[in-house]
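Next come the chains, spelled out residue by residue.
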Amino acid sequence: MSINATLIGQMIWFAIFIWITMKYVWPPLQKAMADRQQQIADGLAAAERGKHDLELAAKRSADALREAKDRANGITAEADKQARQIIEDAKEAAKVEAEKVYNAKMAELEQEAERARSALRERVAELAVAGAEKILRREVNAGAHAEMLTALKQEL
Amino acid sequence: MSAAAHGEPLTATTYITHHLTNLTVGSGFWTLHLDTFLISGILGLVVFGAMAAVAGKATSGVPKGWQNFFELVLSFVNQQVKDTYHGKDPIVAPLAITIFVWVFVLNAMDLIPVDFMPQAAHLVGVEYLKMVPTTDPNHTFAMSITVFLIMIWMNFKVKGFGGFMHEVFSAPFGPKLAPVNFIFRVIEDIAKPISLSLRLFGNMYAGEMVFILIALLGVWQLPLALPWALFHILIITLQAFVFMMLTIVYMSMASESH
């Protein structure tokens, strides 16, 4: 148990093993570990990005849904308004038409009445003449009094 | 208890001595502890070779099997490096990984029952075999001195020659007490590799010693060896971690100016 040449031999071994580790063990394994770390980091980042994208898509779809609902509501309201308008218009038109028909009928009736009245007038005059004829059979000449009768008819 | 070597009468002392003797070639300073050298080298080649093979086929997709395991170890060590060392030098993380893995594997040889490998070696004619390279101070000093050299090199690299010299001679008491500063700095830096290597060596040597003493107890070793082995798992991991951690701290200190 003394210090001797073994010391030099062991130093040579040690140097050889340091060299092997430095050249053939450490760099490839370190590279593999660093690469794997990078891959894992990338994977996690991608997952995070995917999650974020999903959130965005969900938000977008909710927005689209809300917008569509709003538009549908708008359309329904518009349609309601239009329907009411149409009914209103129809009512208006019907009223106008009814008035027109009523007025026309009224005018017709008026005319009819007028005609009847004038016919009646004719008949009254005739009756008056007939009455008068009967009363005045003897003393009144129809021919002589025609002028007076016409004037009377005019007056009626 | 194993059969004694060279036919000497088997006593506790010879048994322990036998277990603590390295297999050597050469003489004087040029003695080589073959067991330390070969076991640490072969185990290192197997482990780091396996890691390099797995790393070569590493995928950035879902990791499987060994890649998963090595990535676990590497990211654990790398976390310590990141928490402590704020420089940029690409040598620090591989250095820390090498230290942690190598020291852990060599320490783990302690868990092989103390007589298995020496007995097996004995059968093929090898007389001595010390199974745990980290119980050899040559090994721990080799590692700590290498760390020390890298630390000095990093000082020069980060601060430049002028900056490093300025720090050595002017911290902590200012330029007027330059010699005192210099002596302090030398003591501080020399203490680093010594404490680093002696801590690991002491812990592993003591642990191994306890295993050997337990093995001497005859039938009583049965209830004792397992708890000590379980406890030793903690020491093995802890010592590997401490060596690695202190190395990172020294590197961090070398790359930061005062």
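Quantities reported herein were computed from a predicted structural model and do not represent experimental measurements.

### A closer look at the overall build of chain A
(1) Moving on: Helix and strand content of chain A: two helices and zero strands.
(2) Moving on: In terms of overall size, chain A is more extended than a compact globule, its C-alpha atoms giving a radius of gyration of 62 Å where 156 residues would be expected to give roughly 15 Å.
(3) Moving on: Scored against the burial criterion, the 156 residues of chain A give a buried share of 12%.
(4) Moving on: Looking at chain A as shown, the accessible area adds up to about 12600 Å², and 60% of this sits on carbon and sulfur atoms.
(5) Moving on: Side chains of chain A give 24 positive and 25 negative charges; the mean places of these two sets differ by 8 Å.

### Re the overall build of chain B
(1) Moving on: From N to C terminus, chain B includes eight helices and two strands.
(2) Moving on: Beginning at the N terminus, the succession of helices and strands in chain B can be written as α-β-β-α-α-α-α-α-α-α.
(3) Moving on: Across its three principal axes, chain B shows a C-alpha extent of roughly 65 × 55 × 35 Å.
(4) Moving on: Residues counted as buried form 47% of the 258 residues belonging to chain B.
(5) Moving on: For chain B, contacts bridging at least 24 residues in sequence account for 71% of all contacts bridging at least 6.
(6) Moving on: On chain B, the mean spot of the 11 positive side-chain charges and the mean spot of the 14 negative ones are 15 Å from each other.

### Brief notes about the interface of chain B and chain A
Size of an interface, as often reported, equals the accessible area lost when the parts are brought together.
(1) Moving on: Taken together, the contacts link 50 residues of chain B with 28 residues of chain A.
(2) Moving on: Buried area between chain B and chain A, both sides added, is near 3500 Å², and the carbon and sulfur share of it is 77%.
(3) Moving on: Put simply, Arg36(A) and Glu71(B) hold a salt bridge, and the shortest N to O gap is 2.7 Å.
(4) Moving on: Here chain B is connected to chain A by 15 residue pairs in polar contact (both at pLDDT 80 or more).
(5) Moving on: Going through the elements one at a time, strand E2 (32–33), helix H2 (34–56), helix H3 (65–84), helix H4 (92–108), helix H6 (137–170) and helix H7 (178–215) of chain B are the ones with two or more residues in the side of chain B that touches chain A.
(6) Moving on: Looking at the side of chain B that touches chain A, the element that brings in the most residues is H6(B), giving 11 residues.
(7) Moving on: Here the side of chain B that touches chain A is composed, by residue class, of 31 nonpolar, 17 polar and two charged.

### Focus: the packing of aromatic side chains
Aromatic ring pairs are reported here in terms of the distance separating the ring centres and the angle at which the planes meet.
(1) Moving on: One pass over the structure, following the stated rule, counts 20 aromatic pairs over all chains.
(2) Moving on: Among the aromatic residues, those joined into a cluster by ring pairs are Trp13(A), Phe14(A), Phe17(A), Phe37(B), Phe48(B) and Trp102(B).
(3) Moving on: One Lys or Arg, Lys23(A), reaches over the ring of Tyr24(A) and ends 5.9 Å from the middle of that ring.

### Remarks on the nonpolar core
(1) Moving on: Within the largest apolar cluster, 71 residues are counted, with the highest numbers of intra-cluster contacts made by Met51(B), Ile99(B) and Met251(B).
(2) Moving on: When contributions to this core are tallied by element, the ones reaching two or more residues are helix H1 (6–136) of chain A together with helix H1 (12–19), H2, H3, H4, H6, H7 and helix H8 (221–255) of chain B.

### Regarding the confidence of the model for chain B
As a general rule, the predicted coordinates of low-pLDDT regions are not to be interpreted in detail.
(1) Moving on: Looking at chain B as a whole, the pLDDT averages 89, with 96% of positions reaching at least 70.
(2) Moving on: Below a pLDDT of 50 lies the segment residues 1–5 of chain B, which in the model reaches 13 contacts outside its immediate sequence neighbourhood of four places, other chains included.

### A closer look at the side chain of Thr135(B)
(1) Moving on: Along the chain, Thr135(B) falls in the loop between helix H5 (116–123) and H6.
(2) Moving on: Of the residues examined, Thr135(B) reaches a relative accessible area of 1% and is grouped as buried.

### Let's talk about empty space enclosed by the protein
Residue and element names in this part refer to chain B.
(1) Moving on: Here the structure, examined in full by the defined rule, presents three cavities of 30 Å³ or more.
(2) Moving on: Quantified by volume, the largest cavity comes out at close to 80 Å³.
(3) Moving on: In terms of lining, the largest cavity is formed by 13 residues, of which the most central are His 19, Val 114, Pro 118, Met 131 and Glu 208.
(4) Moving on: Of the residues assigned to the lining of the largest cavity, the class counts are nine nonpolar, one polar and three charged.

### Overview of the layout of surface pockets
All names here are of chain B.
(1) Moving on: Estimates place the volume of the largest pocket at around 330 Å³.
(2) Moving on: What lines the largest pocket is a set of 13 residues, among which Val 47, Phe 69, Phe 70, Val 101 and Val 105 lie closest to the centre.
(3) Moving on: Listing elements by their share of the lining of the largest pocket, those giving two or more residues are H2, H3 and H4.
(4) Moving on: The element best represented in the lining of the largest pocket is H3, accounting for five residues.

### A short note on H4(B)
(1) Moving on: Taking 1.5 Å per residue as the helical rise, H4(B) with its 17 residues ought to reach 24 Å, and the 24 Å between its terminal C-alpha atoms agrees with that figure.
(2) Moving on: Burial analysis of H4(B) places 15 of its 17 residues in the buried class, the great majority of the element.

### Some points on the pattern of salt bridges
Charged atoms that come close allow side chains of opposite charge to pair.
(1) Moving on: Under the counting rule described, the total for this entry stands at 13 salt bridges over all chains.
(2) Moving on: Between Glu114(A) and Arg117(A) there is a salt bridge, with the nearest N and O atoms lying 3.0 Å from each other. In this pair, Glu114(A) and Arg117(A) both sit in helix H1, three residues apart, roughly one turn of the helix.
(3) Moving on: One continuous salt-bridge network, built from bridges that share partners, spans Lys159(B), Glu167(B), Arg185(B), Glu188(B), Asp189(B) and Lys192(B).

### Digging into the packing of H4(B) against H6(B)
Residues and elements named next belong to chain B.
(1) Moving on: Direction vectors running N to C along H4 and H6 enclose 175°, while the axes themselves pass 13 Å from each other. Judged by the angle between their axes, H4 and H6 are roughly antiparallel. Residue-level inspection shows Val 92, Leu 95, Ile 99, Trp 102, Val 103 and Leu 106 of H4 in contact with H6, the latter providing His 139, Met 143, Val 147, Ile 150 and Met 154.
(2) Moving on: Each residue belonging to the contact of H4 with H6 can be placed in one class, and the counts come to 10 nonpolar, one polar and no charged.

### Concerning the packing of H2(B) against H4(B)
Residue and element names in this part refer to chain B.
(1) Moving on: The contact between H2 and H4 brings their axes to 10 Å, and the two run at 125°. Overall, the two elements H2 and H4 adopt an arrangement that is oblique. The way H2 lies across H4 gives a crossing that is right-handed. Where H2 abuts H4, its residues Ile 39, Ser 40, Leu 43, Gly 44, Val 47, Phe 48 and Met 51 lie against Ile 97, Thr 98, Val 101, Trp 102, Val 105 and Leu 106.
(2) Moving on: Considering only residue class, the contact of H2 with H4 consists of 10 nonpolar, three polar and no charged.

Conventions used here
- Residues numbered from 1 in each chain as written.
- Chains lettered and ligands numbered in written order.
- Predicted model: local features only at pLDDT ≥ 70, side-chain atom pairs only at ≥ 80, totals over all residues.
- Heavy atoms only, no water.
- Helix = DSSP H or I, 4+ residues; strand = E, 2+ residues; numbered from the N terminus.
- Rg over C-alpha atoms; globule rule 2.2 N^0.38 Å.
- Buried < 20%, exposed > 50% of the residue type's maximum accessible area, 1.4 Å probe, protein only.
- Areas by Shrake-Rupley, 256 points an atom, 1.4 Å probe, with all protein chains shown as cover.
- Lys, Arg positive; Asp, Glu negative; His and termini not counted.
- Charge placed at Lys NZ, Arg CZ, Asp CG, Glu CD.
- Contact = heavy atoms within 4.5 Å.
- Buried area = accessible area lost by both parts, 1.4 Å probe.
- Salt bridge = Lys/Arg side-chain N within 4 Å of Asp/Glu carboxyl O.
- Polar contact = N/O pair within 3.5 Å; in protein donor to acceptor, adjacent residues only side chain to side chain.
- Nonpolar A, V, L, I, M, F, W, Y, C, P; charged D, E, K, R; others polar.
- Phe/Tyr/Trp six-rings, centres within 6.5 Å; stacked < 30°, edge-to-face > 60°.
- Lys NZ or Arg CZ within 6 Å of the ring centre and 35° of its normal.
- Core = buried A, V, L, I, M, F, W, Y, C linked by side-chain atoms within 4.5 Å.
- pLDDT = per-residue confidence, 0-100.
- 1 Å grid on protein atoms, 1.4 Å probe; cavity = no way out; pocket = protein on both sides within 12 Å on 5 of 7 lines; lining within 4 Å.
- Points joined across faces, edges and corners; volume = space filled by probe spheres on them.
- Expected span 1.5 Å × (residues − 1).
- Axes fitted to C-alpha atoms, helices over the stretch in contact; angles between N-to-C directions.
- Parallel < 35°, antiparallel > 145°, perpendicular 65-115°, else oblique.
- Left-handed = near helix turned anticlockwise from the far one by under 90°.

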